[in-house]
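Here's the letter readout for the chains.
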Amino acid sequence: MKANIWRVTGYRGKNDYDGPADDNTKLDIIFDSHFKKEDVENILAYYWDKIYRSVAIKAELLEEIDYGKVL
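The structure reproduced in this document is the subject of the present report. (Residues numbered from 1 in each chain as written. Predicted model: local features only at pLDDT ≥ 70, side-chain atom pairs only at ≥ 80, totals over all residues. Heavy atoms only, no water.)

Tallying secondary structure elements over the protein gives one helix and three strands in all. Taken from the N to the C terminus, the helices and strands of the protein come in the order β-β-α-β. Taken along its principal axes, the extent of the C-alpha atoms in the protein is 45 × 20 × 20 Å. The buried share of the protein, reckoned over its 71 residues, is 27%. In the protein, the proportion of contacts linking residues at least 24 apart, taken out of those at least 6 apart, comes to 65%. For the protein, the computed accessible surface area is about 5,200 Å², with 52% contributed by carbon and sulfur atoms. Taken as two groups, the 11 positive and 14 negative side-chain charges of the protein have centres that lie 3 Å from each other. (Helix = DSSP H or I, 4+ residues; strand = E, 2+ residues; numbered from the N terminus. Buried < 20%, exposed > 50% of the residue type's maximum accessible area, 1.4 Å probe, protein only. Contact = heavy atoms within 4.5 Å. Areas by Shrake-Rupley, 256 points an atom, 1.4 Å probe, with all protein chains shown as cover. Lys, Arg positive; Asp, Glu negative; His and termini not counted. Charge placed at Lys NZ, Arg CZ, Asp CG, Glu CD.)

Right, let's talk about the environment of M1 for a bit. Looking at where M1 falls in the secondary structure, it is placed in the segment before β1 (2-13). Along the chain, M1 and Y67 lie 66 residues apart, while their C-alpha atoms are 6.0 Å from each other. If sequence neighbours within four positions are ignored, M1 has contacts with I65, D66, Y67 and G68.

Strand pairing within a sheet occurs via backbone hydrogen bonds; the two strands may be parallel or antiparallel. The sheet built from three strands is open, its strands ordered β2-β1-β3 with antiparallel pairing. Two strands close off the open sheet at either side, each with one partner strand: β2 (25-32) and β3 (54-66). Direction aside, the axes of adjacent strands within the sheet are offset by 25 degrees on average. Across the sheet, helix α1 (residues 37-49) is in contact with β1, β2 and β3; its angle to β3 comes to roughly 135 degrees. (Pairing = 2+ DSSP bridges. Axes fitted to C-alpha atoms, helices over the stretch in contact; angles between N-to-C directions.)

Read these as geometric descriptors, not functional statements.
Below you can see the structure in the form of structure tokens.
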């Protein structure tokens, strides 16, 4: 079974997002390999949108791992 490690960067907060200078989020997160970049961004934006007024994020694939060998 495979998983992907994604680095999610961007902004989440109460103010408007004006560009990369406003970035305040950097998160490495693991999702199943079936999730694509757009899926990861949509899932996290949907979740954070309930907490923050403005959400602007992007995901970057860091690595694919085989977690069946780890368990």
